[in-house]
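So you can see what is in the structure, the chains are spelled out below.
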Amino acid sequence: MPKRTDLLDVLSEVKTRVQDKLGIVDFPMPQFIIIGSQSVGKSRLIEAMAGEQFNFISGSLGSRRPTVLEFRNVESADVSKWYILDAATNQWQNKPTAQVMQIVGESHNSLGMSVSSEPIYVRIESSACVDMQIVDLPGYRSYSSDDKSRALANQIESLNATFLNDPRNVVLCVEEAGDAANLSSLRRVAEVDKDFKRSILIRNKLDKYYSDLDSNNVNKWLDGMGDLPKNLKKFALTLPHWGDGTAPPRPLGQLREEMSTQDLNKFAGLGATQGYLDTVGFANFSKYMERRTERMFVEAIGPVLTKLRDLETSMSDREQELKDELENSDPGQILSTVRACGMSFANCLTHVMEGVIRSDINRMQLDDELRDFHEHHKKVGDSHKFESLPSTDFGGLEDYVDYLRDYIKVPAFDVAINGGAQYTRLMFEVETFLRFSEIGIETKKRDVLQSFGISMGSVTWSDVVVKLLNHDAHLPLQKRVAYVGERVKWFFQQQKDPIVQFMKGLKGSPDEKLFSVLYTKHAKLIEENQTIRKLVFETFDSVVDRQLQSFLELFKATLQATFSNPWVFLKKTTAKLQECEGDEVLLPSLDDTKQRIPREIQGRTGIERTVAKWLSEVPMEPHKINDAVDKVQILVLKVYSHIRSQVCDQVELFCESFFKLPLLRRLEEDMNKIELSDVDKEGYRVRRTKLEKEGHANAYGLKEVKDCLKILSGFQLKTMAANTDR
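Residues numbered from 1 in each chain as written. Predicted model: local features only at pLDDT ≥ 70, side-chain atom pairs only at ≥ 80, totals over all residues. Heavy atoms only, no water.

Asks: An account of the overall build of the protein is requested, with residue identities and associated values reported.
Replies: Helix and strand counts for the protein stand at 25 helices and nine strands. A separation threshold of at least 6 residues defines the contact pool for the protein, and within that pool the share at least 24 residues apart is 82%. Accessible surface computed for the protein: about 36,400 Å², of which carbon and sulfur atoms make up 51%. (Helix = DSSP H or I, 4+ residues; strand = E, 2+ residues; numbered from the N terminus. Contact = heavy atoms within 4.5 Å. Areas by Shrake-Rupley, 256 points an atom, 1.4 Å probe, with all protein chains shown as cover.)

Asks: Any chance you could break down the packing of aromatic side chains for me, citing the residues and the numbers?
Replies: According to the stated counting rule, one finds 31 aromatic pairs in the structure shown. Ring geometry for F551 versus F659: centroids 5.8 Å apart, planes at 55°, classification tilted. Of this pair, F551 sits in helix α19 (residues 530-564) while F659 is found in helix α24 (residues 651-671), placing the two residues 108 residues apart along the sequence. A single burial state applies to F551 and to F659, both of which are buried. An aromatic cluster of at least three residues, connected via ring pairs, comprises F373, F386, F394, Y400, Y403, Y407, F433, F436, Y483 and W490. We note R123 situated over the ring of W92; from NZ or CZ to the ring centre the distance is 5.9 Å. (Phe/Tyr/Trp six-rings, centres within 6.5 Å; stacked < 30°, edge-to-face > 60°. Buried < 20%, exposed > 50% of the residue type's maximum accessible area, 1.4 Å probe, protein only. Lys NZ or Arg CZ within 6 Å of the ring centre and 35° of its normal.)

Asks: I'd like a description of the side chain of N418, backed by residues and values.
Replies: Looking at the secondary structure, you find N418 in the loop between α12 (397-408) and α13 (419-434). A polar side-chain atom of N418 sits 2.8 Å from the main-chain carbonyl oxygen of I361. Once residues within four sequence positions are removed from consideration, N418 is found in contact with S359, D360, I361, N362, R363, Q495 and P498. (Polar contact = N/O pair within 3.5 Å; in protein donor to acceptor, adjacent residues only side chain to side chain.)

Asks: Hey, could you go over the sheet that holds strand β2 (residues 67-73) for me, with residue numbers and the actual values?
Replies: The strand order across the open sheet formed by nine strands is β4-β3-β5-β2-β6-β1-β7-β8-β9, and the pairing between neighbours is mixed. At either margin of the open sheet sits one strand with a lone partner, and together these are β4 (91-95) and β9 (233-236). For this sheet, the mean angle separating the axes of adjacent strands, direction not counted, is 25°. Pairing of β2 with strand β5 (residues 120-126), which is carried by seven bridges, proceeds in the parallel orientation. In the sheet register, F71 faces β5, and the bridge partner there is I124. Across the sheet, helix α2 (residues 42-50) lies against β1 (31-35), β2, β5, β6 (132-136), β7 (169-176) and β8 (199-204), angled at about 160° from β6, the strand it touches most. (Pairing = 2+ DSSP bridges. Axes fitted to C-alpha atoms, helices over the stretch in contact; angles between N-to-C directions.)

Asks: Explain the pattern of salt bridges residue by residue, including any values.
Replies: Inspection of the entire model under this criterion finds 41 salt bridges. Note that D670 and R546 form a salt bridge whose closest N and O atoms lie 2.9 Å from each other. Note that D670 is positioned in helix α24 and R546 in helix α19, a separation of 124 residues in sequence. Owing to a relative accessible area of 31%, R546 belongs among the partly exposed residues under this scheme. Counted as one network, the salt bridges with shared partners bring together D367, D368, R371, E398, D402 and R405. (Salt bridge = Lys/Arg side-chain N within 4 Å of Asp/Glu carboxyl O.)

Asks: Account for the nonpolar core, with residues named and values stated.
Replies: In terms of nonpolar packing, the biggest core is built from 77 residues, with F345, L349, Y400, Y423, V488, F492 and M503 touching the most fellow members. The leading source of residues in this core is α19, at twelve residues. Contacts of M503, omitting those with residues within four sequence positions, involve S344, F345, C348, Y519, T520, H522, A523 and I526. The next biggest cluster of nonpolar side chains, apart from the first, holds 56 residues, and it includes F56, L702, C708 and L712. (Core = buried A, V, L, I, M, F, W, Y, C linked by side-chain atoms within 4.5 Å.)

Asks: Kindly report on a positive patch on the surface, identifying the contributing residues and their values.
Replies: Side chains of K233, K287, R291 and R295 sit close together on the surface and give a patch of like positive charge. Broken down by element, the positive patch gets its largest block of residues, three residues, from helix α9 (residues 282-328). Relative to the elements of secondary structure, R295 occurs in helix α9. Since its relative accessible area comes to 42%, R295 is described here as partly exposed. (Patch = residues over 30% accessible without salt bridge, like charges linked within 9 Å, V, L, I, M, F, W, Y side chains within 5 Å. Lys, Arg positive; Asp, Glu negative; His and termini not counted. Charge placed at Lys NZ, Arg CZ, Asp CG, Glu CD.)

Asks: Provide a residue-level description of the pairing of β1, including the pertinent values.
Replies: With five of its five residues buried, β1 lies for the most part within the structure. Judged by which residues are buried, β1 turns out to be covered on both faces: Q31, I33 and I35 on one side and F32 and I34 on the other are all buried. Pairing analysis gives five bridges linking β1 to β7, with the strands arranged parallel. Looking across to β7, one finds that I35 is bridged to C173. Here β1 pairs with β6 via three bridges, running parallel. The residue of β6 that forms the bridge with I34 is D136.

Asks: If you had to explain unusual backbone geometry to someone new, which residues and values would you point to?
Replies: It is generally the case that most residues other than glycine have a negative phi and that most peptide bonds are trans. Of note, F196 is a non-glycine position whose phi angle comes to about 55°, a positive value. Mapped onto the elements of the fold, F196 is located in the loop between α5 (184-192) and β8. Judged by relative accessible area, F196 falls into the buried class, the value being 9%.

Here it is in structure tokens:
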């Protein structure tokens with residue numbers, strides 16, 4: 001089995017090169033963190049681990065950033081060697097101890113009354129070191145004299161909390177031995193590690209409490225007198241100490257061993273059982289830490305290798321993606337790339353309208369859809385352009401929503417859907433809205449008389465009805481048609497993200513081979529390249545806007561023509577859908593066709609005969625004008641009602657013909673006409689610069705990951721070979 005030092009060196013290098021330098025926050029590397037209040041002996045514990053005295057910090061503020069300390073036991077070393085990690089080169093630099101102290105001290109003092117999460121790295125090689133790595137965190141402040149000090153104390157609390165909350169970190173909590181019920185740092189640990197599975201308590205200054213102990217209470221005291229959790233791993237020890245302002249009487253390593261022996265002899269003399277004696281003194285603590293360190297890091301090799309391989313795969317994929325995008329953002333290909341992305345987007349709108357089960361973006365229930373629609377137009381400030389409610393009798397939007405849900409029972413009302421299914425439900429809702437249209441004017445006696453002109457004999461009642469209908473009767477329908485158009489427009493605008501999701505989601509799906517391989521590639525470009533996204537989305541929105549105007553103009557012309565000559569519009573259909581008798585269906589003969597046509601022409605006159613009958617019942621005599629006005633008013637309402645029903649029956653056809661189909665057919669053509677403005681070209685230049693930077697960083701990261709994989713895999717093979725030889 002390779003030495004523990006080799007294992008620590010390998011994993012430490014991987015951690016430094018991948019987790020710390022590349023900023024991979026979820027890297028599965030365990031580490032020890034040390035916390036405690038000021039003056040509990042946290043610094044002296046670190047010195048004991050190093051086996052020599054040193055002091056990083058001068059002044060009263062203490063440390064203000066994490067200090068990562070790597071202790072390496074080198075049995076052959078005559079003197080200790082100190083290293084500092086150069087952040088620029090990522091290389092360990094051997095420096096005199098005093099210079100390391102100065103560099104570390106300056107890194108803390110430069111922060112003033114603030115803290116930083118950016119660590120500084122120190123490495124010590126010595127025959128007196130223990131083999132382990134720890135992160136020394138700033139000590140908690142128990143007292144703050146002013147606002148600045150309180151702010152600093154709060155920052156330290158927040159910094160330490162981020163380390164405590166990380167499940168990869170094993171906590172070394174340093175407290176002063178004594179009353180086990182009042183350990184402030186341990187309470188902080190208990191908040192994040194309730195079962196103390198990754199916490200170790202070190203009770204320092206043990207010799208201060210020798211006099212409190214006897215053979216009757218020694219085991220209970222070591223156990224915390226019932227105030228410490230049973231499952232908490234804990235040690236009690238005395239660290240080297242001497243008079244203030246004086247040098248240590250002997251080397252720190254020697255003092256460390258003397259204090260450890262003193263603790264063990266004292267508690268053995270008091271009759272502590274072996275299980276409790278194993279938790280007393282620095283020597284026992286050091287042995288436990290080295291064993292746990294080795295176990296933790298051996299267990300980490302597998303997850304670390306897996307993570308490195310995953311990183312290699314993702315970085316390699318990203319390298320190819322960056323290469324592709326750089327090629328596509330070449331100044332000579334920019335415009336063709338944008339247009340290609342736009343055309344793929346246009347093609348995929350058809351697929352989304354056909355229904356995509358995997359699509360879950362912008363799925364809405366009808367009530368949420370209506371609320372979002374109205375909220376959108378309130379923000380835009382154009383609600384006045386159309387009727388926001390089908391009738392003034394509704395108290396508000398919620399009344400209309402309740403009516404659709406409870407009375408009309410719109411299909412799929414409470415189902416969150418998008419794409420073609422949402423469009424079908426939309427058609428049902430707008431048809432309901434349109435059917436609330438009523439004639440916009442009240443037909444008065446004066447209007448009827450005005451329509452006759454100079455005499456009652458110069459025009460027919462048919463002409464009068466047409467004039468009355470053509471006056472303003474079409475306006476209510478027209479305003480509600482504007483609502484229909486805005487609803488369809490808003491629907492299509494909400495499909496942009498589902499379209500991109502559909503394009504992106506094809507990769508790896510069962511349907512991948514059914515569609516163009518470019519869809520996924522173009523989806524990534526639309527998603528990641530803001531210039532392409534902006535141009536494609538803006539073009540789509542402009543086409544939808546244009547189609548809305550075309551829809552409104554065509555519908556307006558249809559209504560005007562209808563009300564100008566309502567009698568043509570009122571002709572009945574002659575088609576009849578009948579079930580075929582028998583199993584055999586034959587095409588009609590010429591004689592059959594000749595006989596059918598007169599029947600159909602005659603059938604179209606059904607409503608005309610009805611209207612003619614209504615008109616003939618209107619009296620022409622001047623003395624019966626009041627009766628004539630009543631009958632004309634009723635006739636106008638009947639004709640308007642019939643026209644409204646016909647329009648509402650065909651509203652889906654109008655939306656299909658005037659909006660949806662032209663949009664689907666012409667969108668690709670418009671995407672192929674996208675042009676780049678100077679601003680867009682500058683945006684591309686900035687994007688290209690950013691991609692080049694990211695490409696360099698990704699290439700560097702990929703090299704680091706591959707190197708670490710090689711190092712760790714080699715170490716694993718070496719370990720396996722050593723175990724086989726044994």
